[in-house]
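# Residue-level structure breakdown
Chain residues, written in single-letter form:
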Amino acid sequence: MRTVNKVKKQFGKLYVILVISLAVVIIGVGTFLALGRFNVVPHLIATVEEGNKKESFPVIDSKTLTAEQQKIVVLLKQEYASQPAGTKYSDGVSEAWCADFVSWIMNNAGYPLDNPNSGSWRIPGTYTLREYYQSVGRFHAANSEYSPKVGDIMLYDNPSPFGQHTNIVVKNDNGLITTIGGNEPGGIRVITHKTKDGIGFIGYGSLE
């Protein structure tokens, strides 16, 4: 009888240890996903849809665009077709390159950004990218009534499938937004979505 009770006690202790260990793992993973720059689980799911990178570049009526917007669209179409490595946009640095991609496009279109920390045209972080647009009065929060235009950028944070992320608007069809972004599953990718339904969407950086 004593042996049975001893076994029960040992089993109970083991059970408690397992429960605590599981809880620690869950909390740790949850914290990583909440605070991490990149939201791993949704990204892995999205990667299964990598075939979306083979979509045709969206048809855009250039007659409705300004000269500034036309330059940006031409560059986006060119880079989408070539699908180079992300280090092309990051000065050779191996890093998450979505903001580098946005910076490179704007710079090569003749409308460079200004990194508030370094003075460079390249802004490698999405938080600093948001700070830049706020500093020049061109940030529009997600809950505003702003309607995005071609050449604007979109900014995201967790729990967005891409964590902290940014991409460029190429089409706004009555609220159905098409973007081109770097460092997305498949490289440079076309995504069409409704901004108001976007999980983790925080706002726009406008071209003007």
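Look above for the structure.
The rules behind each value
Residues numbered from 1 in each chain as written. Predicted model: local features only at pLDDT ≥ 70, side-chain atom pairs only at ≥ 80, totals over all residues. Heavy atoms only, no water. Phe/Tyr/Trp six-rings, centres within 6.5 Å; stacked < 30°, edge-to-face > 60°. Buried < 20%, exposed > 50% of the residue type's maximum accessible area, 1.4 Å probe, protein only. Salt bridge = Lys/Arg side-chain N within 4 Å of Asp/Glu carboxyl O. Helix = DSSP H or I, 4+ residues; strand = E, 2+ residues; numbered from the N terminus. Pairing = 2+ DSSP bridges. Axes fitted to C-alpha atoms, helices over the stretch in contact; angles between N-to-C directions. Contact = heavy atoms within 4.5 Å.

## Describing the packing of aromatic side chains
If you walk through the whole model with that rule in mind, you get nine aromatic pairs. Consider the rings of Y89 and W97, whose centres lie 5.6 Å apart with planes at 15°: the pair is stacked. In terms of burial, Y89 and W97 fall into one category: buried. Here Y89 and W104 contribute two aromatic rings whose centre-to-centre distance is 5.2 Å and whose plane-to-plane angle is 80°, an arrangement assigned as edge-to-face.

## Some words on the pattern of salt bridges
For the structure on display, the rule yields five salt bridges. For the salt bridge of R122 with D100, the shortest nitrogen-to-oxygen distance reads 2.9 Å. Placement of R122 in the loop between α4 (98-108) and α5 (126-135) and of D100 in helix α4 is noted, with a sequence separation of 22 residues between them. For the pair R122 and D100, one class covers both residues: buried.

## Concerning the sheet that holds strand β3 (residues 165-173)
What the six strands build is an open sheet, ordered β1-β6-β2-β3-β4-β5; its pairing is antiparallel. Both edges of this open sheet fall to β1 (139-141) and β5 (187-194), since each of them pairs with a single strand only. For this sheet, the mean angle separating the axes of adjacent strands, direction not counted, is 30°. By the bridge criterion, four bridges tie strand β2 (residues 153-156) to strand β6 (residues 201-205) in an arrangement that is antiparallel. Directly across from Y156, in β6, lies its bridge partner F201. Across the sheet, helix α3 (residues 67-82) lies against β3, β4 (176-184) and β5, angled at about 120° from β5, the strand it touches most. The strands touched by α5 are β1, β2, β3 and β6; relative to β2, the strand with the most contacts, the crossing angle is about 130°.

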